Structures are given as C-alpha cells and as structure tokens.
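Here are the chains, one letter per residue:
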Amino acid sequence: MKIKFQHLIISLLLICSFSDIKGQELDTISPNDLFALSLEDLMDIEIVSAVRQNQSIIDAPSIVSVITGTQIKERGYASVAEALNSIAGFDVITDYFQPNMGIRGINGGLRSWSRLVKVMIDGQNMSFRSSSDNYLDPSLIPMGAIEKIEIIRGPNSAIYGKNAFLGVINIITKTGDSVGNSISHYIGSVNNSSAYNLSTVWGGSKNNFDILFSSSYSQIDYSGISPYNVPGSTIYGSGDIAQKNESNPLAVYIKVKYEKETFGKLVFDFTQQNINSYSEFLDWGTLTHNNRINLFNAYERIMYSKTLFENFKTDFSFTHSSGRPIKNEILDNDSDPTEWIERDLSYAGYDVSFNTSYAFDEINNFSFGIDYTTDIHDHQKFYTVNSSGVRTLNPGGTEGVKDFNNVGIYLQMILNAAEFFSFDYLKNLTLTAGYRFDYHNIYGDVLNYRLAAVYHLADQLSTKVMYGTSFNAPSSVQLYSNYITPGGIVGNPNLKPERAKTLEWALMGQVFSKLNFNTNIYYTEIDDKIEYLLPYGEISNITAQNVSNIYSAGFEAELNINIMNNTSYVNYSYERSILEKYDPLLEIIRIKTALYPNHMVKFGNVLHLPDYFININIEGKYMSSRIASDQNNFIYDPINYAINRYELDPYFILDFMISSTDLELIKNSRTRLSLRIKNLLGTEYYYPGFDNYDIPGLGRSFYFMFTQYI
Amino acid sequence: MILFISLVIFQLIGCEKLNEDYNKLIYKNPIKIAVIGDVSIGREVAENIFFATKMAADEINSSGGLIINEEEREIELIFKNSGGDPEIGIDVVNELIDEGINIIVGPTTSAVAVEMSESCVANNILMITYSATIPKLSYMNDDDLIWRTCPSDAFSGTIMAKHSIDSMQLKNGAIFFRDDNFGNSMANIIQNKFESLGGSILATSSYPAEETDLNNYNFGNELDILLQQKPQIIFAAVFEEEIGKITQDLWASSLYQDMESKPFLFLTEGGFPNELIANGQPDILETIIGISSSITNTPNYITYENNYIAKYNFSPVTYSEHAYDAIYSIAFAMQKAQSISPEDIKQNLRLVTGSEDLREESAIINVNEFEKARVLLLTGFEINYEGASGKINFDINGDPYSTFVIWGLVNKEYVEFSYYNL
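Residues numbered from 1 in each chain as written. Chains lettered and ligands numbered in written order. Predicted model: local features only at pLDDT ≥ 70, side-chain atom pairs only at ≥ 80, totals over all residues.

What to know about the overall build of chain B
For chain B, the helix and strand inventory stands at 14 helices and 17 strands. For 422 residues, the compact-globule estimate of 2.2 N^0.38 gives 22 Å, and chain B sits close to it at 23 Å. For chain B, the C-alpha atoms occupy an extent of roughly 75 × 70 × 40 Å along the three principal directions. By the burial criterion, 55% of the 422 residues in chain B qualify as buried. Residue pairs in contact within chain B that sit at least 24 positions apart in sequence constitute 69% of those at least 6 positions apart. (Helix = DSSP H or I, 4+ residues; strand = E, 2+ residues; numbered from the N terminus. Rg over C-alpha atoms; globule rule 2.2 N^0.38 Å. Buried ≥ 20, exposed ≤ 12 C-beta atoms within 10 Å, placed from the backbone. Contact = placed C-beta atoms within 7 Å.)

Shown next as structure tokens:
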C-alpha cells in the first residue's frame with residue numbers, strides 16, 4: 001500500500017508541475033481517426049523493430065503484426081499479455097502468478113514465464129534478468145502509455161542478441177503531447193471475486209521538452225477456483241479451493257524528452273514493475289494460502305541521438321536495470337505455519353550501446369552497433385525460516401560467477417540491388433543482411449546472422465523470404481539456483497544456450513481497399529532446447545538441461561477487414577512442433593511438443609455506432625486440444641509418460657465489450673465508460689499445470705471502466 | 001490453397017522430422033519378462049532399475065540372444081508400475097497373467113513384494129525382486145518361485161547393530177522408521193539385535209509412509225521424540241525420497257542443536273549418497289553413515305558402472321546392479337534349461353549362479369559375457385555367474401550371497417569404511 005500512495009502522490013505532483021503545459025485531448029490515433037484510417041494506411045504504419053529503423057510493415061524483412069494503442073483501448077486489453085493473445089502464432093496460458101506465452105508451437109514449460117521472446121520498451125530489454133522471464137501482466141507497463149506494440153515472430157538475435165529467440169515484442173510508448181491526460185478506474189467481478197484498477201496517464205510538451213507520466217495499479221482476486229485433477233488421479237477434491245489468489249500489479253512509466261534540431265534528441269525514461277501476487281497454483285506450493293511473490297523490476301535509461309551529418313545517424317544509450325524480491329515476500333510450500341521459505345535474489349544490470357547508420361538513399365543503408373552489458377547477480381538462494389526468524393540455507397545448487405558480461409557487435413545492410421547496382425530488373429527487390437557476434441563470459445562466443453529478401457509484387461503486395469538464427473541464453477536461476485524444497489528444481493551450471501534457425505516465407509498486402517492480409521509459413525529447428533526435466537540420474541531434483549531438439553513448422557494467416565461501421569480481424573494458426581529427445585527406455589523418439597494447441601482461430605469485431613456514441617467489441621478464441629505437461633503425464637502414466645500422454649480439451653471463449661465515445665458528463669471534458677464481459681459464455685477450460693493438476697481458466701468476469709479525460 | 005502449399009513445403013523440407021516416431025522396437029521370437037518398479041513413489045530408483053534391466057536385455061540380445069531348442073530368441077521387457085501400493089501390485093500380477101507373462105523382476109518395495117509374492121505363488125509365476133529386503137520373503141511357502149538378488153534385512157540389521165556396538169562403541173540408540181512393512185520389520189530386527197548385543201534402544205518413532213507428501217512433511221515432532229532421549233545413534237529405516245527433508249528437520253530441531261555431541265544417523269539403505277549431497281542438510285552430512293549391498297570397487301561392478309554410464313550418460317543407483325543380475329540369472333537359467341517356463345527356470349537358477357555342488361567345475365561368467373556363457377551351456381559346460389553385485393550363490397531360500405559395506409560422506413564424497421560378508 002505504501003507504494004500505491006507514493007505513486008498517487010507523484011501523480012498529483014506531476015499534474016501540478018505541468019498544469020501549464022498544453023496537453024492534447026486525443027491519442028495519437030483517436031478512435032474516430034482510426035475508423036477513418038483506410039486499411040492502406042494501416043499497412044503503412046511504420047515499425048522500427050525489424051531492422052532497428054523505420055520501415056512500413058509491408059517492407060519490413062520480418063513477420064510483423066502491430067497492435068495500436070487505439071486497438072488496446074477499443075478492445076479493453078488490460079495487459080500486454082491479453083493484447084498478444086489476439087495475435088496469430090501466440091498462445092498465452094497462466095498460473096495466476098504470471099502469463100506464460102508460447103509462440104509458434106513451443107512453450108517454455110515449467111517455471112518459464114514468456115522467456116522465449118525478447119520483450120522491450122522502446123528497444124530496452126525489460127525481462128527480469130535473474131531468470132530471463134518476461135512478466136507480461138499489468139505490471140509490465142501502464143496500458144495507456146502504449147502507442148503500439150510491434151510483434152515480430154521469428155529470430156532476431158542478429159540485431160538484438162540474446163533472447164530474441166523465437167520473437168521480439170517491442171512496446172513503443174507515446175509521447176507526452178500525444179496522450180490525453182486521463183484517470184481510469186475499473187471495478188469488476190472476476191469469477192465472483194473482486195477486481196479493481198486505477199490508472200493515470202499525464203503528458204504534455206513545452207518548448208522543446210516532452211514529458212509523459214503513467215501509472216497503473218490493479219487488485220485482482222482469482223480466488224474460488226480449484227485444481228483440476230490429472231485423469232485417473234483423485235488428489236484434489238471439491239474442498240481444495242484457492243482462497244488467497246490475489247494479484248496486485250503496479251506499473252510506472254515516465255519519459256522526459258528534449259529535442260532540438262541543432263542539439264539532437266535526449267531522452268530519459270524510467271519504468272518500474274512491481275509484481276505482488278498471492279500465488280496458489282505454483283508447482284512447489286499449491287493452495288498453501290500463504291504464498292506471496294513480491295518482485296521489483298525496473299530500469300532507468302538515458303538516450304541521446306543525433307544526425308551528425310546528412311544521412312549519418314548515431315545514437316547512444318546507457319541503462320541501469322535492477323530487480324529483486326521485496327521484503328514481505330513469503331514462499332510457503334506447505335500448510336505448516338511454523339516455517340516458510342524466503343529467498344535472496346537480485347541483479348543490477350548496466351547496458352551501454354552505440355549505434356550508427358548511414359543511408360545511401362531512401363532504402364539502401366548500412367548500420368553498425370556495439371553494446372556492452374554487465375549483469376551483477378546475487379544468485380537465487382532459498383532459505384527455510386522458522387517462527388523464531390532463523391534462516392537456514394537450503395541445499396542444492398552451486399556457486400557461480402556473479403558478473404555476467406556480454407559484448408556484442410552487429411552489422412546490417414539493407415540493399416535495393418536495382419538502385420545500388422543499376423539493375424532495373426531487380427527494382428522491386430530489397431535485400432537485408434545482418435550479422436552479430438556476442439561474447440559472453442559464461443557461455444562464450446555466439447554468432448548469429450539473418451538474410452531476407454522482400455519483393456514487391458505490386459504497390460501494396462509483397463512477398464518475403466527470410467532465414468535467420470537466434471539464441472536464448474541460460475539465466476542465473478537456471479544455472480545456479482538451489483531448491484525451494486527437497487527434490488525441487490536446482491540449477492545446472494553446465495547449461496549451454498538454446499539455438500534456433502528459422503526459414504520463413506510470407507505474402508502480405510491488400511486485396512482491395514477493405515481487406516488486407518498477412519500470411520506466412522515457417523520452419524524452425526531448435527538445438528539444445530532447455531527444459532526443466534524430470535531427472536533420470538541418481539537424484540530426484542528437477543534440473544534445467546539441454547536435452548532435446550525441436551522441429552517446428554506452421555502456417556499463420558491474418559485478415560483485417562473494414563466494412564461498413566465494422567473493424568474486424570480474424571487469424572488462424574496451424575503449428576506442428578515435434579520434439580526429438582533421448583529416452584533411456586525408448587531411445588531416440590520424436591513426439592509432439594506439449595502445452596501448445598495445434599490450431600488456433602482468433603477473431604474480433606468492433607462495431608462503431610457514432611450516432612449512439614458507442615462501440616461494441618466482440619472477440620473470440622478457439623484453441624484446439626493441447627498435450628499436458630511432462631510432469632503431469634508422469635502422474636498419468638508413470639511408465640510410458642513419454643509417449644502415452646493425455647490432452648486438455650479444446651475450448652472456445654467469447655469476450656464482449658460495449659464502450660462509449662466522447663461523453664460530456666463534465667462540462668468541457670470527455671468521459672468514457674465501458675463494460676467488458678470476459679468469457680461471456682462461461683466456458684469451462686483448463687490451462688496446463690505442472691504439479692499433479694491442471695489450472696482452471698476463469699469463468700464469466702465483468703469489468704466496468706470509467707475514464708475521465710482532463 | 002496457401003495452406004495446401006504450406007503442407008507440401010513442410011513435407012519437402014522436413015518430412016521425417018515433423019512426424020512422430022515412438023521408435024517401437026521389434027524383438028526376434030521375444031521372451032517377455034515383466035520388470036516391476038514402484039515408480040510413483042520413488043521414480044529415481046525405479047526408473048534407473050528399469051534402465052539397468054534394459055541394459056542387461058540389450059547386451060543379451062545384441063550378443064545373439066538366447067538359443068533355445070535351436071531357435072534364436074530375444075528378451076523383451078515389459079515395464080509396469082506397482083505404485084508402492086500392494087493392491088496395485090496384485091492388479092499388475094493379474095494384468096501380466098492376462099498378457100501371458102509369467103516371469104517377473106521386481107517389485108521395488110517390501111510392502112508390495114510380500115503381497116505380490118502370494119499372488120505369484122498362487123499363479124505359478126516366478127518372481128525375483130532386486131530391492132525388497134524384508135526377511136519374510138525368505139521363509140515363505142513359495143514353491144521356490146520367490147527369489148531375490150538383494151540381501152535380506154535380517155543380515156543388514158544384524159551388521160548395523162554389530163557395527164554400532166563393536167566398531168563405533170555406541171550403545172545408546174534410537175530407531176526412526178517408516179510406518180510400513182519394511183520400516184516396522186527393520187525396526188524390529190535392529191532393536192532385537194542391538195539389545196541382544198548389549199545395546200539399549202532408548203526410543204522409537206515412526207512417520208506415516210502412505211498418502212503423505214514426504215518432501216513437504218514436517219518430521220520435527222517424530223524426531224524430537226527420539227532426541228529427548230539423547231541417543232548416540234539413530235537407526236533410520238527410511239527411503240531416499242524423504243531423506244533430504246529428514247536431515248533438514250533434524251537440523252532445525254532445537255533439541256538437536258542443544259546436543260553437545262550430535263547423534264549419528266545410521267541409514268538402512270545404500271542409495272542415499274547423491275540424494276544427501278543434493279538435498280540433505282550439509283552441516284550434518286558427516287554424521288551420517290549407512291549400510292549398502294552395493295560394493296562398488298569390484299571389477300564386475302566397475303565394468304557394469306562404466307557400461308551403464310556409457311549407455312545412459314549418468315551413473316547407476318543402488319539396487320540397479322541387483323536388477324541387472326536378476327535378468328542375467330533368469331537368462332542363464334533359461335539357456336541352461338532350454339525352456340522359458342518358470343518351473344524349469346527355478347530349477348536352474350542355483351545351477352548357473354554358483355551352486356555349491358557345481359561351483360568347482362563351473363566356468364566363471366562375469367558382467368556382459370552372455371555369448372561366452374551361451375556357448376559353454378550349449379556345449380554342456382557349467383557356468384557360475386558372478387554379477388555386477390558380486391557373487392550370487394542363491395541359497396535354499398532364494399536369497400543371494402550377502403556382502404555389505406558401511407559407507408559415509410566425507411567432504412561430500414562417498415567413502416566406503418568397512419565390509420562385511422555373511
């Protein structure tokens with residue numbers, strides 16, 4: 001609660017400080033403006049994430065989807081995870097501690113919270129570096145600060161280095177002069193328990209300064225749900241109910257920019273996420289009613305960019321990141337109140353990067369960058385604490401090097417052969433080549449590269465072929481952690497990075513003015529996949545190991561339609577991922593990857609009724625069946641669990657939202673009201689669990705939101 | 001259309017890699033042997049036992065298999081889980097009867113073995129357990145169908161008592177045990193032997209072994225019952241699964257902390273060292289000793305261990321060598337008998353593993369020498385299999401020659417202190 005008051009006070013101070021700054025009343029793209037946007041305009045939305053410089057989606061040498069801030073508002077997304085779950089090729093499951101996002105047929109599995117992708121805010125890595133997890137719940141960033149989310153499926157280590165493994169999520173923030181100053185508040189009923197949120201966004205510009213402040217605090221109670229037994233098991237009965245499953249995420253994002261043509265652009269930004277979750281569905285402490293994971297994760301960054309001379313741009317940034325548990329964290333693995341678990345864990349990260357680019361003309365350019373990162377880790381150590389406060393270090397794990405140092409150098413060339421070499425017959429072809437070398441003091445040298453060709457078949461139609469490599473580095477927790485309870489997960493200091501190589505082909509464009517599409521097929525091979533494995537050796541502890549290879553292929557299609565007063569999307573993903581591994585009894589086997597559905601269909605439609613000042617949004621998702629976790633399949637069939645596995649049922653979920661536009665409840669000021677009903681049909685469904693049970697999805701939930709623009 | 005093209009391309013680029021393959025193995029004229037483990041309650045032990053039996057079967061099959069009545073035959077293992085539950089064990093026996101399998105290697109635990117053995121005898125099924133150590137199995141009216149390749153607790157309990165009093169000069173003891181067949185039986189043996197040698201058992205205490213999550217169980221109360229009496233040594237009839245938590249709760253006890261001279265913890269099993277190093281409370285590791293039937297410094301064990309590591313890339317666990325020897329013993333008996341019936345196997349098991357009558361004239365067969373043994377047996381010679389666990393020499397009760405080691409941990413390294421033969 002102390003933090004909550006602090007951020008409210010900061011909000012009030014900022015309002016006072018900048019009360020004379022003229023704020024804009026609308027977002028960068030207002031709902032009405034968006035409706036006015038043609039699909040052709042939407043195809044021309046510029047993105048920066050594919051090659052670290054502005055390009056239109058149709059030109060970008062990657063499979064890119066974009067969710068705009070306006071779409072976030074119209075669809076009522078309360079977190080980045082919710083927004084991503086509307087995109088083809090992404091599947092978000094949860095344990096009510098954090099969302100766990102899988103991508104293209106692959107989920108990170110046990111204790112992996114969305115660590116298969118790199119998540120950035122304006123290009124800055126935002127993972128919790130001790131574990132490389134990405135916490136995508138409302139604590140990541142206030143949703144009102146988001147200009148757009150650029151979503152790249154496929155490898156990007158050739159530019160971004162480690163952890164840009166199977167995708168990159170880059171959250172682009174608004175500028176101060178583009179936000180509508182507002183306070184939002186929602187109250188809701190989640191599965192008959194309460195939900196509450198207070199969000200603020202303030203910004204403005206004066207002279208050459210631009211300032212943005214945003215914050216969000218939520219309190220969501222996921223209690224009242226019960227573990228779902230593995231088929232054939234009766235461990236959990238009707239009386240086993242989550243009693244304390246509350247989540248209190250807090251997000252703060254602040255950005256100050258000074259920009260002048262002669263000076264260049266100087267930006268300072270700060271983001272802080274607090275995860276404060278009573279987690280009842282963790283693998284090591286289910287329904288103990290006394291787990292409270294409380295983590296702090298933040299960065300402060302200063303960036304300076306300037307065009308030194310014509311066509312030669314440079315930018316420099318320095319970032320300090322830090323993360324740790326907050327004092328009142330309690331990890332409780334049983335119902336015994338006389339002892340519990342605490343942990344020591346922290347990191348301090350320092351990133352320095354320098355990038356340059358020289359543009360020969362509008363298309364052809366050359367980029368070079370160098371970056372250095374040092375992460376100073378206090379590796380995860382769990383302690384058993386008794387009622388007298390005596391802390392005893394739990395065994396397991398190993399001491400490791402505390403400083404993780406990485407230096408990376410990348411080169412990138414974008415080349416239109418026709419313009420560069422005067423080959424007119426290739427005038428519609430643009431080639432991109434990228435190469436990056438990383439040296440890390442723990443796991444050594446890693447080379448990554450990327451080649452792409454984009455060919456314009458017509459003005460608004462392009463086809464792309466891309467090939468690239470990527471890697472995911474083992475984290476401090478995976479390497480060195482001791483265990484929470486005997487038999488629990490311990491680190492493995494011998495882990496190597498996971499490596500991937502991906503071949504993609506895409507066709508995208510506009511069929512006619514009311515419809516655009518984006519289709520692709522891909523094939524990915526992953527070597528040395530890291531998994532938390534049931535052990536085969538002499539001890540019972542689960543450890544992370546490089547044990548398997550994955551071969552994954554899939555097809556993804558997205559359609560955006562703009563007809564009458566409707567803005568619609570529909571997408572379909574088919575993923576076939578095969579895991580190849582050694583099983584001592586069966587030898588080399590190939591089996592479908594667990595946890596991920598083969599088929600997903602997602603759709604949404606916003607019906608704009610300007611005469612009635614309302615928008616009506618409906619979104620649906622169909623998820624086909626998915627194979628349960630290895631851990632649960634061991635319970636299901638302790639002998640043949642590698643090949644005799646049960647599946648979680650397919651499900652269909654429908655969400656509904658009705659929201660107002662431009663109500664003038666207070667004179668000269670806009671008000672927005674909305675009612676959102678999630679899981680309108682009350683579908684029963686389950687997410688994969690990792691400890692003798694699967695995790696129930698939420699039933700019908702209601703949210704009433706009030707936003708006041710000032 | 002695009003989806004169709006995609007599927008065609010997938011087929012072209014990775015046809016084989018994108019298809020599931022369970023690597024179903026085909027056996028030549030298979031002889032089916034069931035290997036039963038209590039996987040649900042001790043996965044790391046039971047699975048490694050499966051792996052050891054698979055290694056034995058693979059070695060036998062790759063050396064040409066058995067030749068019975070001039071027909072080449074290979075061993076196919078059927079793995080089953082008895083779940084640490086006697087009722088499940090009996091269900092498994094019934095399943096095997098339905099599947100026409102009448103040779104069993106297993107199960108893991110004494111509680112299951114006792115119940116299963118009765119069912120096996122009733123149905124003329126040959127059973128060789130590799131780790132059920134309860135003495136009761138030795139004295140059953142079993143029609144010679146129940147065997148084991150691990151020594152009986154009657155022997156290990158005697159040695160534990162003798163070692164404590166004679167070698168360690170500790171006469172005040174306590175007993176901590178699982179409340180199941182194995183734990184109760186072991187507690188009785190140790191108490192009787194210890195007291196008969198002049199020692200005194202000051203207290204005993206047990207904990208629930210069934211339907212309890214022993215990784216998260218608080219053993220504090222049960223341990224304090226013993227610690228109040230200030231024993232010099234605590235005999236612990238416990239399993240690997242719970243040993244880590246037991247050591248932590250022992251360390252957390254204020255009674256333990258207040259004791260000037262910390263009691264030794266004497267474990268009745270051998271499979272603990274790595275589990276203790278990984279999950280045990282580090283400060284008390286050097287007060288722990290144990291007894292084991294795995295003698296790891298013999299040439300045959302070293303060969304077995306090296307082959308195991310080469311095949312699986314991790315080390316074998318205690319009792320896996322007994323399971324490995326069970327498969328070989330059965331295979332040799334079948335080869336000698338030229339038959340796969342339990343009736344013929346039981347009559348030949350002693351003859352191929354060091355029968356007193358034939359010992360002088362038998363050729364010693366070591367680990368992974370099936371081909372040599374087959375040639376000898378087919379040409380009328382006698383063999384004496386000395387396995388990974390050492391001499392087998394089955395006695396009249398179907399128990400093996402028993403060798404024990406007293407082990408401990410020094411600087412987190414496994415150390416063998418002394419050896420005993422019976």
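Examining the interface of chain A and chain B
With 39 residues of chain A at the contact, the number on the chain B side is 44 residues. For the side of chain A that touches chain B, the secondary-structure elements that each account for two or more residues are β22 (365-386), β29 (515-533), β30 (543-563), β31 (566-583) and β32 (587-592) of chain A. Broken down by element, the residue count for the side of chain A that touches chain B peaks at six residues, all from β32(A).

Re the pairing of strand β12 (residues 288-292) of chain B
Two faces make up the sheet, and in a regular strand the side chains alternate between them. Residue and element names in this part refer to chain B. Taking burial as the measure, the five residues of β12 include five buried ones, the bulk of the element. Relative to β12, strand β11 (residues 264-267) runs parallel, the two being bridged by three bridges. Each bridged residue has a counterpart across the sheet, and for Leu267 the counterpart in β12 is Gly290. After leaving β11, the chain enters helix α10 (residues 273-279) and then returns to the sheet as β12, a path that is right-handed. (Pairing = 2+ DSSP bridges. Right-handed = clockwise from strand over helix to strand, strands pointing away.)

Description of the environment of Ala111(B)
Residue and element names in this part refer to chain B. In this fold, Ala111 is placed in helix α4 (residues 110-122). The class for Ala111 is buried, based on 26 C-beta atoms found within 10 Å. Ala111 sits 27 residues away from Gly84 along the chain, and the two C-alpha atoms are 7.6 Å apart. Apart from residues lying up to four places away in sequence, Ala111 is in contact with Pro86, Asp180, Asn181 and Phe182.

Remarks on the domain arrangement of chain B
Residue and element names in this part refer to chain B. Here the domain parsing of chain B yields domain 1 (31-151 + 301-391) and domain 2 (154-292). Once you take the C-alpha centre of each, domain 1 and domain 2 turn out to be 31 Å apart. With three residues, the single largest contributor to the side of domain 1 that touches domain 2 is α4. Partitioning the side of domain 1 that touches domain 2 into residue classes produces nine nonpolar, five polar and one charged. (Domains from an automatic or database assignment. Nonpolar A, V, L, I, M, F, W, Y, C, P; charged D, E, K, R; others polar.)

Thoughts on helix α6 (residues 181-196) of chain B
All names here are of chain B. A rise of 1.5 Å per residue sets the reference length of α6, with its 16 residues, at 22 Å; its end C-alpha atoms lie 23 Å apart and thus fit the reference within 8%. Buried within α6 are the following residues: Asn181, Phe182, Gly183, Ser185, Met186, Ala187, Ile189, Ile190 and Phe194. The inward-facing, buried residues of α6 abut α4, α5 (153-167), β8 (172-179), β9 (200-208) and β10 (233-237). Just beyond α6, the residue with positive phi is Gly198, at close to 100°. (Expected span 1.5 Å × (residues − 1).)

A look at the environment of Ser659(A)
All names here are of chain A. Looking at where Ser659 falls in the secondary structure, it is placed in strand β37 (residues 651-660). Put simply, Ser659 and Ser157 are 502 residues apart on the chain and 40 Å apart in space, counted from C-alpha to C-alpha. Each residue touching Ser659, except ones within four places of it in the same chain, is listed here: Ile614, Asn615, Arg672, Leu673 and Ser674.

As for the nonpolar core
Grouped together as the largest cluster of nonpolar side chains are 137 residues, with contacts concentrated most on Val80(A), Leu84(A), Val117(A), Ile141(A), Ile169(A) and Ile171(A). Dropping the residues within four chain positions of it, Ile169(A) is found in contact with Leu84(A), Val117(A), Val119(A), Met120(A), Ile149(A) and Ile151(A). Core analysis: the next-biggest nonpolar cluster, separate from the first, contains 121 residues, Val45(B), Leu265(B), Ala337(B) and Val367(B) among them. (Core = buried A, V, L, I, M, F, W, Y, C linked by C-beta atoms within 7 Å.)

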